[in-house]
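Geometric and topological summary
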Amino acid sequence: MSSAAGAPSPNEIGDVPVRDASTVILLRDAAAGIEVFLLERVGGMAFAGGMTVFPGGGVDLSDADTELEWTGPDAAWWAQQFGVDERTAKALVCAAARETFEECGVLLAGPTADTVVGDTSRFADDRGALERREQTFADFLTRNDLVLRADLLRPWSNWITPVGEKRRYDTRFFVAVVPDGQTADGATSEAASVGWRSLTDALDEWRRGETILLPPTWSQLAGLTEYDAVDAVITATPDISPIQPNLYHVDGELRVDFPGQEAYYAGSTHPWADR
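Note that this is a predicted model, so its numbers are computed, not measured. Throughout, a residue's number is its position along its own chain's written sequence, starting from 1. Whole-chain, interface and lining totals are the exception, using all residues; otherwise, since this is a predicted model, local features are given only for residues with pLDDT of at least 70 and side-chain atom pairs are given and counted only at 80 or more. Side-chain figures throughout are based on the complete set of non-hydrogen atoms in the structure, without hydrogens or water.

Thoughts on the overall build of the protein
For clarity, the threshold we go by: Counting from the N terminus, the helices are the DSSP runs of H or I reaching at least four residues and the strands are the DSSP runs of E reaching at least two. Note on classification: 1.4 Å probe, protein chains only; a residue is buried when its accessible area is under 20% of the maximum for its type, exposed when over 50%, partly exposed between these limits. It only takes one pair of heavy atoms within 4.5 Å for two residues to be counted as in contact. In short, Shrake-Rupley with a 1.4 Å probe defines the accessible areas, and a residue's cover is counted only from the protein chains shown.
Check the secondary structure of the protein and you find 10 helices and 12 strands. Looking at the 275 residues of the protein, the share that counts as buried comes to 52%. Excluding contacts between residues fewer than 6 apart, the proportion of contacts in the protein whose partners are at least 24 apart in sequence is 72%. Here the protein has roughly 12000 Å² of accessible surface; of this, 47% comes from carbon and sulfur atoms.

Thoughts on unusual backbone geometry
One non-glycine residue with positive phi stands out, namely arginine 133, at about 60 degrees. For arginine 133, the location among the structural elements is in the loop between helix H5 (124-131) and helix H6 (137-143). A positive phi angle, near 55 degrees, is found at aspartate 145, a position not held by glycine. Considering the arrangement of structural elements, one finds aspartate 145 in the loop between H6 and strand E7 (147-149).

Some remarks on the sheet that holds E7
Put simply, the rule is: At least two bridges found by DSSP between two strands are what make those strands a pair.
Spatially, E5-E7-E6 is the arrangement adopted by the 3 strands of the open sheet, whose pairing is mixed. Strands at the two margins of the open sheet, each flanked by one partner only, are strand E5 (70-71) and strand E6 (109-110).

Comments concerning H5
The periodicity of an α-helix, 3.6 residues per turn, causes residues three or four places apart in sequence to face the same way. For H5, the full list of buried residues reads Asp126, Arg127, Gly128, Ala129 and Leu130. In the segment just after H5, arginine 133 is the residue with positive phi, at about 60 degrees.

Some details on the confidence of the model for the protein
Applied cut-off: Values of pLDDT, ranging from 0 to 100, describe the predictor's confidence in every residue of the model.
Chain-level statistics for the protein give a pLDDT mean of 87 and a share of 87% at 70 or above. Within the protein, strand E8 (residues 153-160) carries the highest mean pLDDT (98), whereas helix H1 (residues 10-13) carries the lowest (44).

Things to note about the pairing of strand E1 (residues 18-30)
In this sheet, strand E9 (residues 168-177) lies alongside E1 in parallel orientation, the contact comprising 10 bridges. Of the residues in E9, the one forming a bridge with arginine 19 is tyrosine 169. Taken together, the 3 bridges between E1 and strand E4 (residues 56-58) define a ladder with antiparallel strand orientation. Pairing of serine 22 across the sheet is with glycine 57, part of E4.

Quick look at the structure:
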């Protein structure tokens, strides 16, 4: 979000087209409880620069317009979960898997419907080509005889960027467990730093002002504290009603109205920062 100083009102910016996007909350169990993989986006990026986020990004046309082999719930099932048509559902699932591979090297795919790639380092060149949009995700999977493991993703939530932002996304959040043998990393041009954090540490760092969390990211972290282990998250069936916050000003400060906002504003030393 924009800072209070010189921040335009939502009406001054006006509405802009909403782009579909997918975000994946990568999970693992640890001694301190559930841990999540977080990236600090490079400052100055057009959207959420400097913010701490989960892996994810906008849907590409290629995510919906190419054929690929996958196993797990079909497009009709995903369409029902997210309240979209089947073509959009397919694109969202593909974007979730593609962005997770591009941004942290975790590949939710395997040579067969019941296996998954172990060490993904051998696909480093392909990963770079995907990030540079020199090949499609479907082409990459097909050429390497890999099956997309849609069954390793679970639907989690749906947040829509408020009216008044310069860029808007209709983002579907997924949860997933990092496959055995794979390592999440920060080998992407979009991340200044990455790391695993327990839910408690991630929220404590935000409260101390060491990180900046947008409301959707904060809300996912806070909500996950209700679960004791990853299995409980993966088997949960959360309500996935779309949430679209509203922007407003309070004493010259830009704020956002969303479920849980009281705890969000009470807990952070700097809820918003310049992008």
